Amino acid sequence: MHPDHVVTGRERITTADAEAIYGIPARTIRRWWAEGRITDPEIRHGRYWWLLSEIDQLAHQRHKSRLTR
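Described in the following lines is the structure provided in the data block. What you see is a predicted model; the values in this text were computed from it and never measured. (Residues numbered from 1 in each chain as written. Predicted model: local features only at pLDDT ≥ 70, side-chain atom pairs only at ≥ 80, totals over all residues. Heavy atoms only, no water.)

**Some remarks on the pattern of salt bridges**
Then, in step 1: Counted according to the given criterion, the structure contains four salt bridges.
Then, in step 2: Taking the shortest distance from any N to any O, the salt bridge between Glu 42 and Arg 12 comes out at 3.2 Å. Note that Glu 42 is positioned in strand β2 (residues 42-44) and Arg 12 in strand β1 (residues 12-14), a separation of 30 residues in sequence.
Then, in step 3: Glu 42 gets classed as partly exposed once you look at its relative accessible area, which sits at 36%.
Then, in step 4: We note a salt bridge from Arg 44 to Glu 42, for which the minimum N-O separation is 3.0 Å. (Salt bridge = Lys/Arg side-chain N within 4 Å of Asp/Glu carboxyl O. Helix = DSSP H or I, 4+ residues; strand = E, 2+ residues; numbered from the N terminus. Buried < 20%, exposed > 50% of the residue type's maximum accessible area, 1.4 Å probe, protein only.)

**What about the pairing of strand β3 (residues 47-51)?**
Then, in step 1: Pairing analysis gives three bridges linking β1 to β3, with the strands arranged antiparallel. Note that in β3 the partner of Thr 14 across the bridge is Trp 49.
Then, in step 2: Pairing between β2 and β3: three bridges, direction antiparallel. Opposite Arg 44, over in β3, you have Arg 47 as the bridge partner.
Then, in step 3: Linkage of β2 to β3, two consecutive antiparallel strands, is achieved through a turn of two residues, within which His 45 is found at a positive phi near 55°. (Pairing = 2+ DSSP bridges.)

**Some points on helix α2 (residues 26-34)**
Then, in step 1: Every buried residue belonging to α2 is among Ala 26, Thr 28, Ile 29 and Trp 32, and all of these are buried. In an axial view of α2, the angular spread of the buried residues amounts to 160°, which keeps them on one side of the axis. Every exposed residue of α2 that faces more than 90 degrees away from the buried side is listed here: Arg 27 and Ala 34.
Then, in step 2: Where α2 is buried, its residues meet α1 (15-22), β3 and α3 (52-65). (Arc of directions from axis to C-beta. Contact = heavy atoms within 4.5 Å.)

Don't take any of this as a statement about function, it's just geometry.
Right, here's the structure in full:
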């Protein structure tokens with residue numbers, strides 16, 4: 001994703017794209033979903049499409065709260 005890209009409220013992203021762009025493992029996205037931290041995805045052609053705004057927000061929170069080694 002281009003750094004100047006503005007995330008709107010209705011854009012969607014696949015699990016694989018979230019992993020490639022943000023480095024978030026699929027298991028983490030599934031956990032966020034199970035915990036109710038993200039809304040239900042759209043399912044199209046067997047792929048899960050998440051709200052980009054939610055993934056983006058949690059990815060940034062996750063990055064900020066990680067401890068440095």
